[in-house]
Amino acid sequence: MSTDPLVANLRLLSSYGRSVADICRRARFNRQQFTKYLSGSARPSLASLRRICDFFGVEEHEILQAPESFRALVRLRPPRLGSHMADPISGFFNMLTDRHDPAAGQKLVGYYFLHMQDEPRAPTITRSLLRLSPAVHGLAIKGIERFPGVPAMPPCLKYSGFAVVVDGRVHVAVHEMLARRSIWFGIHYASDFSGVTHLSGLSLGTDPQGRRDILASRKVLQFLGTSINVKAHLRRCGLFPADSPELDPFVRHATRNDMAPNE
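For clarity, every value in this text was computed on a predicted model and none was experimentally measured.

K.L.:
Can you tell me about the overall build of the chain, naming the residues and giving the values?
P.N.:
Looking only at helices and strands, the chain features ten helices and nine strands. By the burial criterion, 41% of the 263 residues in the chain qualify as buried. Long-range pairs, those at least 24 residues apart, make up 53% of the contacts in the chain between residues at least 6 apart in sequence.

K.L.:
Break down helix α6 (residues 67–76) for me, with residues and values.
P.N.:
Within α6, burial applies to Pro67, Phe70 and Val74. The buried side chains of α6 occupy one side of the element, clustering within an arc of 60 degrees when seen end-on. Away from its buried face, by an angle of more than 90 degrees, α6 presents the exposed residues Glu68, Arg75 and Leu76. In this structure, the buried side of α6 is in contact with α1 (5–14) and α5 (60–63).

K.L.:
Talk me through unusual backbone geometry; I want residue IDs and the actual numbers.
P.N.:
Positive phi is not limited to glycine here, since Arg28 has a value of about 60 degrees. Residue placement: Arg28 occurs in the loop between α2 (20–27) and α3 (31–39). The exposure class assigned to Arg28 is exposed, which follows from its relative accessible area of 73%. Look at Asp167: it is not a glycine, yet its phi comes out positive at around 55 degrees. Summarising the element assignment, Asp167 is placed in the loop between β4 (156–166) and β5 (169–176). Classification of Asp167 by relative accessible area gives exposed; the value is 60%.

K.L.:
Residue-level account of the environment of Ala216, with values.
P.N.:
Secondary-structure assignment places Ala216 in strand β8 (residues 214–225). With a relative accessible area of 48%, Ala216 lands in the partly exposed category. Those residues in contact with Ala216 that lie beyond four places of it in its chain are Ser203 and Leu204.

K.L.:
Now, about a nonpolar patch on the surface: what can you tell me, with residues and values included?
P.N.:
Together, Ile89, Phe92, Phe93 and Met95 line one region of the surface with nonpolar side chains, adding up to about 390 Å² of accessible area. When you line up the elements, Phe93 lands in helix α7 (residues 88–98).

K.L.:
Any details on the packing of α1 against α3? Residues and values, ideally.
P.N.:
The description of two packed helices rests on the angle between their axes and on the distance between the axes. Where α1 contacts α3, the two axes come as close as 7 Å, and the packing angle between them is 120 degrees. Judged on the interaxial angle alone, α3 and α1 are oblique. In this structure, α1 uses Val7, Leu10, Arg11 and Ser14 to contact α3, whose residues at the interface are Phe34, Tyr37, Leu38 and Ser39. Across the contact of α1 with α3, the residue classes break down as five nonpolar, two polar and one charged.

K.L.:
If you had to explain the packing of aromatic side chains to someone new, which residues and values would you point to?
P.N.:
Under the definition given, this model contains five aromatic pairs. Between Phe29 and Phe34, the aromatic rings sit 5.3 Å apart at their centres with planes inclined by 15 degrees, giving stacked as the arrangement. Residue Phe34 is classed as buried on the basis of its relative accessible area, which comes to 1%. Ring centres of Phe55 and Phe56 lie 5.1 Å apart, and the angle between their planes is 80 degrees; this geometry places the pair in the edge-to-face category. Taken as a pair, Phe55 and Phe56 share a single burial class, namely buried.

K.L.:
Describe the side chain of Gln117, with residues and values.
P.N.:
Looking at the secondary structure, you find Gln117 in strand β1 (residues 110–117). Assessed through its relative accessible area of 10%, Gln117 is described here as buried. From its side chain, Gln117 meets the backbone oxygen of Thr255 in a polar contact 3.4 Å long.

K.L.:
Explain the packing of α1 against α6 to me, and be specific about the residues and the numbers.
P.N.:
Their axes nearest at 9 Å, the elements α1 and α6 cross at an angle of 25 degrees. If you check the angle between α1 and α6, you find them roughly parallel. Seen along the crossing, α1 lies across α6 with a hand that is right-handed. Residue-level inspection shows Pro5, Ala8, Asn9, Leu12 and Leu13 of α1 in contact with α6, the latter providing Pro67, Phe70, Arg71 and Val74. Looking at side-chain class alone, the contact of α1 with α6 contains seven nonpolar, one polar and one charged residues.

K.L.:
Talk me through the pattern of salt bridges; I want residue IDs and the actual numbers.
P.N.:
Following the criterion strictly, the structure yields seven salt bridges and no others. One salt bridge in this structure joins Arg43 and Asp4, with 2.2 Å as the shortest N-O distance. Residue Arg43 is located in the loop between α3 and α4 (46–56), and its partner Asp4 is located in the segment before α1; the two are separated by 39 residues in the primary sequence. In the salt-bridge network here, residues are joined through shared partners; they are Asp22, Arg25 and Arg26.

The rules we used
Residues numbered from 1 in each chain as written. Predicted model: local features only at pLDDT ≥ 70, side-chain atom pairs only at ≥ 80, totals over all residues. Heavy atoms only, no water. Helix = DSSP H or I, 4+ residues; strand = E, 2+ residues; numbered from the N terminus. Buried < 20%, exposed > 50% of the residue type's maximum accessible area, 1.4 Å probe, protein only. Contact = heavy atoms within 4.5 Å. Arc of directions from axis to C-beta. Patch = residues over 30% accessible without salt bridge, like charges linked within 9 Å, V, L, I, M, F, W, Y side chains within 5 Å. Areas by Shrake-Rupley, 256 points an atom, 1.4 Å probe, with all protein chains shown as cover. Salt bridge = Lys/Arg side-chain N within 4 Å of Asp/Glu carboxyl O. Axes fitted to C-alpha atoms, helices over the stretch in contact; angles between N-to-C directions. Parallel < 35°, antiparallel > 145°, perpendicular 65-115°, else oblique. Nonpolar A, V, L, I, M, F, W, Y, C, P; charged D, E, K, R; others polar. Phe/Tyr/Trp six-rings, centres within 6.5 Å; stacked < 30°, edge-to-face > 60°. Polar contact = N/O pair within 3.5 Å; in protein donor to acceptor, adjacent residues only side chain to side chain. Left-handed = near helix turned anticlockwise from the far one by under 90°.

Below, the structure is given as structure tokens:
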């Protein structure tokens, strides 16, 4: 008998179905191949494992747990076979995360300064601190903006979200966590993932102060490292004049939102 935790856990999940044939029909699994997974004579590829987890409503790291721990989890959260697979929104995000490049994403893990102009033609640049960390289906994002001493601005804003790397581009979605007024979407790219220094790109979003404005701007992520003094780097965040010597020359150039005539 196989001692592979995946085999035991997959058998447990399958016991919630009417039959193996019914599971394969509903999930569109190859029955012969799925039977091999249950017997332990073959292991699913990463893509197949994701499809299996999606159908049973579990995470990949969960199905690979020790059988005793997984049984306890399933007792608390029984699988709802395929209940979410017909949901077009879930299907879209599954498609998106399936395209994520884990190897490229791993090279982006770390801390960054995020630079952008406040307004499309403002003479100031906002610098905030952002972290990309590995997650099951992509990269998790945490960010903080600080505005010390700036009138009519909150002391700080916190953001969270996710990113996936597809075809050398970093696709980002974040939302402001406190007032929940602002959501941003963006795409960044780097010329060489083997030595990331800057990720430049474009973002589209809504104003965090609650105005109805839709804002678009160029943004630049400046890599700081995988381990930093967070408090020290937060003190370097805030609003800066566009010509501030504190800013990298590339940042000043890549965050400009002005347009040439007829552009």
